[in-house]
Each structure stands twice: as C-alpha cells, then as structure tokens.
Amino acid sequence: MSANLAALLYLGSGILFIMALRGLSSPETSRQGNYLGMAGMALAVGTSLFLVELNGLAWLLVALAVAVGGGAGAIIARRIPMTAMPQLVAAFHSLVGLCAVLVAAAALYEPAAFGISSGDSGVELNQLKLLSLVELALGTAIGAITFSGSVIAFMKLQGLMSGAPIVFKGQHWLNLGLGITVGVFIIFLSASAGDNKTAFWIITLIALVLGVLLIIPIGGADMPVVVSMLNSYSGWAAAALGFTLQNNALLITGALVGSSGAILSYIMCKGMNRSFISVILGGFGADGDAAAATGPADRTAKQGSAEDAAFIMKNAGKVIIVPGYGMAVAQAQHALKEMADALKHEGVDVSYAIHPVAGRMPGHMNVLLAEAQVPYDEVFELEDINSEFATADVVFVIGANDVTNPAAEDDPGSPIYGMPVLQVWKSKTVFFIKRSLGSGYAGIENPLFFRDNTMMLLGDAKKMTESVVKALD
C-alpha cells in the first residue's frame, strides 16, 4: 500500500471517529455512533496491517492477537452487567496505558522498525531522534500514570479497596517531587539519544507510582470525574506516540479521546462546583474530615411501605423520579419504567431527574433508563429540573444518596459542601428507597433521611419498586 493511500485511509478513519463522538453525544444516536467508531477502528487497523510487509508467521501472530483480543472483548461485553461498566471502563483504560508503555519500549529498542531513525544527514537524524524521544518519553509517562491510576480506580469501584480518600502528610509535595523527577529523566533520556535505557525505565517506574498517588486521595463522590480524566490521559498517551511513530490514525484518535475526555471532566467539575485542578492533584475534600458530622444520635427516620407510596403517588399531580446507583445495582430500571407507566395511566405527570455524577461514570443513569426504553423527553438534567422540585407533590428517590444530600448546601463542614445537588427536599413528599440508613459511596451521612417530609422505603430497590407497581394495580 502506498503512503498516500494510507494517509487517505487514516483520514477516513479519523472522520469516522469524529462522527462517532458526535453520535455518542445523544442517547438517540449513540448506537449509530458506536457503529461508526467500530468502522473507523477496523479501517485504521486494516490500513496499518497492509502498510507494512508481513511474512506468514507475522500474519499468524496478528490473527491470533485479533482472535484473542476480539474474543475476550466480545465475551466481556456480553457478560458484564451495566452496574460493573464503570470499573470495566477503568480496566480498559489501564490496558491503553500499558499498551502505550510497551509500544514506547519497542520503539526505543528497535527504532528502525518504526521508521523513526531515518534521515539524510547526521544533523537531521539527531534532531529527529530528539523530538521522537521527547514525545516517546511523554507518552510513556502518561501511559504509566494511566495504567496504575486506572488499576486503583478499578479497585475502588469494584470494592477491592476503600472508596474513601487515602491521604497522608506531604502528599502533594511528594507528587510534585515525583513529577519534577520524571521531567529530569526525560531530559536525560533525550540527551542520550535513546542510549540511556535505564532512564526510560526509571521514568516508567516513577510514573507508575505517581499514578497510584494521584488516584488514592480521590473520594467516591469524585469517581465519575476520575473515570473521565483517565480516559483523557489514555488519549494523550496515544497522541504522543502517534507523533513518535508518525502514525496519523493514532495521532487523530488520541487527540480526539484526550480532548473530549478533558472537556467532559471540566464540564463535570464545573457542574459539581469543583476545581478541576484540585481533583486531578489529589481529590476534593481530601484534606478535610473523612465524613460529615453525623448529627444527633436520637434522630429517627420515618419508614413507609410500598402501599403508602402507591397511594400517595396515585393521588399526586406531579411525580419526579431520581435514579441513582442503587437502581443500577438492583437492576430496577425496568420496574421503575413500569411504575412510571402506571402513574401516567392515572393521569400523573412523571419526569426523571439526573445528576451529572449519578452512578459511577458519566451518563450511567441515562444509559440504564434508555435500556428500559424511558422516553428521552422525560429525562432532565440537574440545571433543567432543580427548580421543579418545589412544585412536585412527590419525589421518588431510588438509590441516589450523595447527589440528594442537603448537606451540600447546609453544612459548610461537609466534604461535599458547595456541590450542586438535586433539591428533592423542596417537594411535598420524598420517598427514598435504600437498603439501610447507612452513608453513601462518599462516606457521608444524608440528613434527608430524617426530614419531616421524607419517608424511607428500606429494602431492595427492584423488589420495593415491584411492590409499588403491584399496589398501584
């Protein structure tokens, strides 16, 4: 395949990736966006394979790799439930970071195989090596941070380690020192024209440690931002190696993923009233108390039944449903849709309120509601529906703990103070489905449980919702 034809095909794959991102911006076109992304990746991989000369053994290895990777991906996609999607995304990010490190190592040890050591004169050769080494080292550092940071994010999301912030004195100074050290060894590697292989592995090792230290202080309430941020990191690692390997497809893809992930993280931080830089450098609230004050020990919560909820909602004029991670865990979205349909049959105005960080990754609740075929025009984001709670007769909260916590507005000592939340307490009645009165993923007690207009429906979200539906019938 000629270089010109390859460049044209890479451009075509880049256009498909851009169209894929455009499609993924809306639930209505997300399926089409996925198909376009798959087509773009198939075109990019196919072009790369035909651009180089491969012998029989090489083709066999490539076919084996595609079979193993594609087979594993297909099995995982079919078996992993939506509740585990955030940690799956984090795990996939770790693989992207690891891939960046391995490709960089291969390019460092065999530069001729990647076409990055060619030149007509010694000066041109050295200049090309210098630029390539800087890009290669940056890609390695970002890839290593992405790998170890994504592993920590996976462990937190999977419950293999605590979701609470892990902090120690001087943590930020240590991170700064490690970052500077990585920069120094990048200079050493570049100055040695790639001969100092030890510097490369020191960069990798320090970056791995830095990735761990950057993620462990980030608490559970910020995990959706972390997933988006790591997605951005993986893109920048790929883009850096795209420069080194002079691969347009890798460069375009990495730039798209990196920029879109960074923009999404910034939008989410802005929506949460958080500092994007503070989240990246150690997590919001990490220097404060681990949890908000628990309040008086003698507080009691009113408990209700499915029959109570059915009777009050059936006679309401307006009901707003607030889904959260508890709905995802119980897979209650279909029962919730059935309940909403029953209420609408009784003439009740029903809508859904989605917080930007509800669940464990951006858009988590939107995907689950779309799976249950909830109409898109009934789903509203925080800024569009928060003013409607004061006019609602009932708010039905199903597992959305931290994003409905009034401490974000009332308690300056709370770790989530200042974060915009869904003001469900302004409605006449709040029904809150939860397994217990325990704190949410962020480790913070919710005073909403003890308000006069709140009635707790303790139990499994799916079973409780199904009981409400039965009572409505």
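Residues numbered from 1 in each chain as written. Predicted model: local features only at pLDDT ≥ 70, side-chain atom pairs only at ≥ 80, totals over all residues. Heavy atoms only, no water.

*Asks:* Please clarify how the sheet that holds strand E5 (residues 429-434) should be interpreted in this entry.
*Replies:* Strand pairing in a sheet relies on backbone hydrogen bonds. The paired strands run either parallel or antiparallel. Pairing within the open sheet is parallel, and its six strands lie in the order E3-E2-E1-E4-E5-E6. Each end of this open sheet is capped by a strand with a single partner; those strands are strand E3 (379-381) and strand E6 (454-458). The mean inter-strand angle of the sheet, taken between neighbouring strand axes irrespective of direction, is 25°. Strand direction decides the pairing type here: strand E2 (residues 349-354) and E3, joined by three bridges, are parallel. Bridge pairing links Tyr352 to Val379 in E3. The strands touched by helix H14 (residues 364-371) within the sheet are strand E1 (318-323), E2 and E3, with E2 carrying the most contacts at an inclination of about 145°. (Pairing = 2+ DSSP bridges. Helix = DSSP H or I, 4+ residues; strand = E, 2+ residues; numbered from the N terminus. Axes fitted to C-alpha atoms, helices over the stretch in contact; angles between N-to-C directions. Contact = heavy atoms within 4.5 Å.)

*Asks:* Even after reading the chapter, I still don't get a nonpolar patch on the surface, so can you show me in this structure?
*Replies:* A contiguous nonpolar surface patch, about 660 Å² in accessible area, is contributed by Trp173, Leu176, Ile180, Val184, Ile187 and Phe188. Along the chain, Ile180 turns up in helix H6 (residues 171-191). With a relative accessible area of 52%, Ile180 lands in the exposed category. (Patch = residues over 30% accessible without salt bridge, like charges linked within 9 Å, V, L, I, M, F, W, Y side chains within 5 Å. Areas by Shrake-Rupley, 256 points an atom, 1.4 Å probe, with all protein chains shown as cover. Salt bridge = Lys/Arg side-chain N within 4 Å of Asp/Glu carboxyl O. Buried < 20%, exposed > 50% of the residue type's maximum accessible area, 1.4 Å probe, protein only.)

*Asks:* Is there a simple way to think about the nonpolar core in this case?
*Replies:* One recurring pattern in soluble globular proteins is that nonpolar side chains are buried together. Counting residues in each nonpolar core, the largest one holds 85 residues, and the members touching the most others are Met313, Ile321, Met339 and Phe396. When neighbours within four sequence positions are excluded, Met313 is seen to be in contact with Val319, Met339, Leu343, Val348, Val394, Phe396, Phe431 and Val468. Val357, Val421, Leu422 and Phe432 belong to the second largest nonpolar core, which has 30 residues in total. (Core = buried A, V, L, I, M, F, W, Y, C linked by side-chain atoms within 4.5 Å.)

*Asks:* Would you take a moment to explain the pairing of E5 for this structure?
*Replies:* Residues in a regular strand point their side chains to alternate faces of the sheet. Within E5, six of the six residues are buried, which leaves it mostly tucked inside the rest of the structure. When strand E4 (residues 394-398) meets E5, the two strands line up parallel, connected through five bridges. In the sheet register, Ile398 faces E5, and the bridge partner there is Ile433. Of the pairings in the sheet, the one linking E5 to E6 comprises five bridges and is parallel in character. Following the sheet pairing, Val430 is matched in E6 by Thr454.

*Asks:* Mind showing me how you'd approach the packing of aromatic side chains here?
*Replies:* The geometry of two aromatic rings is summed up by the distance between their centres and the angle between their planes. Considering all chains together, one arrives at five aromatic pairs under this definition. Ring centres of Phe185 and Phe188 lie 5.5 Å apart, and the angle between their planes is 90°; on these two criteria the pair is classed as edge-to-face. In this pair, Phe185 and Phe188 both sit in helix H6, three residues apart, roughly one turn of the helix. Classification of Phe188 as partly exposed rests on a relative accessible area of 43%. Residues Phe432 and Phe449 carry aromatic rings whose centres are separated by 5.0 Å and whose planes lie at 85° to one another, so their mutual orientation is edge-to-face. A residue pair is termed long-range when its members are at least 10 positions apart, and Phe432 in strand E5 and Phe449 in the loop between E5 and E6 qualify at 17 residues. (Phe/Tyr/Trp six-rings, centres within 6.5 Å; stacked < 30°, edge-to-face > 60°.)

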